[in-house]
Amino acid sequence: MVKFLILFIQFFVLIFLVAYFSTNSFLVTFEIKDLLYTFSSNLVLFFAILIILFIFILLFFYFKSRYNLQKYFLIKDKKNLQKGYGYFAEAMISLANKDKRNAVIASKKMKKTIKDDQGLSMLLDSEILKIENKYHDLSLLHEEMIKYPNTQTLGYKGLMEENINREDYHHAFIYGEKLFQLNPFIDKLYLTLVTIIAKTRNWNQLIHLSKQAYNKKLIDIKTFNKNTAIAYYEISKIKIQSEPKESLNLILKSIKLNGPFPPFIKLYLEILMIQNEISKIKKVIKKYWNDQPSSSLRIIISEFLKQNDLANLDDIKFIVKSNNNDDESKKMLVDFAIHNSDWSLAREQIKGLINFNPSREICELMALLEMGESNDIQKRDSWMLRAQNASFDEIWICQITNTPQKNWNSISKSGHFNSLEWKRPKMLGRNLLKYE
């Protein structure tokens, strides 16, 4: 509306000027050198209007032809893009089908039609180089990628994966960390970085990375607590001899974050033993046993007390007093009664644990009891035979490789971070008990 009003005013002013000068004509004189030229003002006005009209027509055709030319090139570019994306899709499909020859042909066609999309070209080149096993050229390409904003993530991801494959975890983490700063939401990036950190055992980085991931809502509070607790646990192990007080503070942080996890309790007890806190050790064992008795905690307590000559039967009775009807408490009493040659207590407590199909551990305890109490080799061998055919007891098993191991570690013997689970194994063969 405003443009129309301005155009109308301009047209009105032009009509007014034409009408005014045509009704009030006058002579216009030009002196060129010694000659005088005289014209009527109406003639000058006519030529002026003619020139303006000519310029208007000239500009009209100029802009119209320019618009049509731009439209032509835009349509041409659009068609080229469509063709280029078609060639790109064809190349990717060929790569998926391991058709290297067709992938290379489609890639060359794409580069001819799409000349200014560096990202697509580099991506395609990287996939082709992978198929061709040209890893040196691929590495150079990834280095080139990180120079451009639109291909940085692809470059850092490629360099990270290259170094993981070479088992150069130090450089893999450097590139992975830069990738995390650029785009932390890349699928499984946090898990990959955690795996790399576990390989390098840089536990402070695990704490820092987990904080960032939790703040960005990449992981839930449970994962954050568990991974951070493991990091504190590992640092505590490192400092147990050089800085026992700091080691104690760290393991208490782990327990606070992840609860009374038996391997954490074990390290807690070892630190207290170094500090000769014998009375506190008994209180700590009683506290955690009252809170959550379990077979894994019982085995840890049993091994720790026996190794440190603290297997006093009165202390064990004190520990299990609050939950002495629990099966795990009964097993602990049987174990230490046998260890201290209190055969009557051992037989009294084991009665309620023998059922139609006793576990391997109960069978083995009965074998020890029969041999220790009456030196009955026949009964011992009978119970040991039953043990071989009994169901397996709970042990630490890697969830990824199904490999058993005696003790828990943050990195399993098969090399996986936090993959060990305390559970009853399925069929793993008779040699299961020979694991290290």
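For the structure, check the block above.
Since this is a predicted model, take the numbers as computed values, not measurements.

> For this particular structure, what's the right way to read the overall build of the chain?
Scanning the chain for helices and strands turns up 19 helices and 5 strands. Across the 436 residues in the chain, those meeting the buried criterion constitute 36%. Sequence-distant contacts, at least 24 apart, represent 51% of the contacts inside the chain between residues at least 6 apart. In the structure as shown, the chain presents an accessible area of about 27,200 Å², 57% of it carried by carbon and sulfur atoms.

> Where do I start with helix α12 (residues 262-274) in this structure?
For the α-helix, the turn length of 3.6 residues means that residues three or four positions removed from each other point alike. In this model α12 runs 19 Å from its N-terminal to its C-terminal C-alpha over 13 residues, within 8% of the 18 Å that 1.5 Å per residue would give. All of the buried residues along α12 are P262, P263, F264, I265, L267, Y268, L269, I271 and L272. Those residues of α12 that are buried lie in contact with α10 (221-239), α11 (244-258), α13 (278-291), α14 (295-307) and β3 (395-398). After α12 finishes, the residue N276 shows a positive phi value of roughly 60°.

> Where do I start with the environment of F304 in this structure?
Its location among the elements puts F304 in helix α14. For F304, a relative accessible area of 5% gives the class buried. Filtering out sequence-adjacent residues up to four positions away, F304 remains in contact with L269, E270, M273, I281 and L310.

> Teacher, can you tell me more about the packing of helix α18 (residues 360-374) against helix α19 (residues 377-389) here?
The interhelical angle for the contact between α18 and α19, taken along N-to-C directions, is 170°, at an axis separation of 8 Å. Classed by the angle they form, the pair α18 and α19 counts as roughly antiparallel. Where α18 abuts α19, its residues R360, C363, E364, M366, A367, E370 and M371 lie against I377, K379, R380, W383, M384, R386, A387 and Q388. Residues of the contact of α18 with α19, tallied by class, amount to 8 nonpolar, 1 polar and 6 charged.

> Would you take a moment to explain the sheet that holds strand β4 (residues 404-405) for this structure?
Hydrogen bonds along the backbone pair up the strands of a sheet, which may run parallel or antiparallel. Spatially, β4-β3-β5 is the arrangement adopted by the 3 strands of the open sheet, whose pairing is antiparallel. At either margin of the open sheet sits one strand with a lone partner, and together these are β4 and β5 (420-423). Bridge analysis of β3 against β4 gives 2 bridges, and the strand direction is antiparallel. Within the sheet, the bridge partner assigned to W396 lies in β4 and is Q405.

> In this structure, what is going on with the pattern of salt bridges? I would like to understand it.
When charged atoms on two side chains of opposite charge get close, those side chains can pair. Across all of its chains, the model carries 14 salt bridges by this definition. K287 is the salt-bridge partner of D291, the closest N and O atoms lying 3.5 Å from each other. You can see D291 and its partner K287 sitting in helix α13, 4 residues apart, about one turn around the helix. With relative accessibility at 44%, the residue K287 sits in the partly exposed group. One salt bridge connects D335 with K306, and the closest N-O pair in it is separated by 2.8 Å. Pair noted here: D335 is in helix α16 (residues 327-339) and K306 is in helix α14, with a separation of 29 residues, a long-range link. Overall, D335 belongs to the buried group, its relative accessible area being 14%. What emerges from the salt-bridge pattern is a single network uniting R298, E328, K331 and E361.

> Would you take a moment to explain unusual backbone geometry for this structure?
Comment: phi is negative for the bulk of residues other than glycine, and the bulk of peptide bonds are trans. Even without being a glycine, K188 presents a positive backbone phi close to 65°. Examined against the element boundaries, K188 turns out to sit in the loop between α7 (169-182) and α8 (189-200). Residues other than glycine seldom take positive phi values, yet K217 does so here, at roughly 60°. As for its placement among the helices and strands, K217 is situated in the loop between α9 (203-215) and α10.

> I'm lost on the environment of K283 in this one. Help?
In this structure, K283 sits in helix α13. Separated by 36 residues in sequence, K283 and I319 have C-alpha atoms that sit 8.2 Å apart.

> What exactly am I supposed to notice about the nonpolar core here?
One recurring pattern in soluble globular proteins: nonpolar side chains tend to sit buried together. Grouped together as the largest cluster of nonpolar side chains are 85 residues, with contacts concentrated most on L193, I251, F264, Y268, L305, I350 and W408. Residues contacting L305, with those up to four places away along its chain left out, are I285, L310, A311, I316 and F336.

Definitions and cut-offs
- Numbering of residues begins from 1 in every chain and follows the order in which that chain's sequence is written.
- Where local features are concerned, this predicted model is filtered to residues with pLDDT of at least 70; where side-chain atom pairs are given and counted, the filter is 80 or more; whole-chain, interface and lining totals use all residues.
- For the side-chain quantities, the full set of heavy atoms in the structure was used; hydrogens and water were omitted.
- Secondary structure counts use DSSP, requiring at least four H or I residues in a row for a helix and at least two E residues in a row for a strand, with both numbered from the N terminus.
- Burial classes follow relative accessibility: with a 1.4 Å probe on protein chains only, a residue under 20% of its type's maximum area counts as buried, one over 50% as exposed, and anything between as partly exposed.
- In this description, contact between two residues means that some pair of their heavy atoms is separated by no more than 4.5 Å.
- Methods summary: accessible areas were calculated by the Shrake-Rupley approach with a probe of 1.4 Å, and residue burial reflects only the protein chains presented.
- Any helix carries an expected span of 1.5 Å times its number of residues minus one.
- An axis is simply a line fitted to the C-alpha atoms; with a helix, the fit covers only the stretch in contact. Between two such axes, the angle follows the N-to-C directions and lies from 0 to 180 degrees.
- Note on angle classes: values under 35 degrees are labelled roughly parallel, values over 145 roughly antiparallel, values of 65 to 115 roughly perpendicular, and the remainder oblique.
- In this classification, the charged set is Asp, Glu, Lys and Arg, the nonpolar set is Ala, Val, Leu, Ile, Met, Phe, Trp, Tyr, Cys and Pro, and all remaining amino acids, among them Gly, are polar.
- Any two strands with at least two DSSP bridges between them are considered paired.
- For salt bridges, the criterion is a side-chain nitrogen of Lys or Arg within 4 Å of an Asp or Glu carboxyl oxygen.
- Nonpolar core, defined: a set of buried Ala, Val, Leu, Ile, Met, Phe, Trp, Tyr and Cys residues in which side-chain atoms within 4.5 Å join the residues together.

These values are about where atoms sit, not about what they do.
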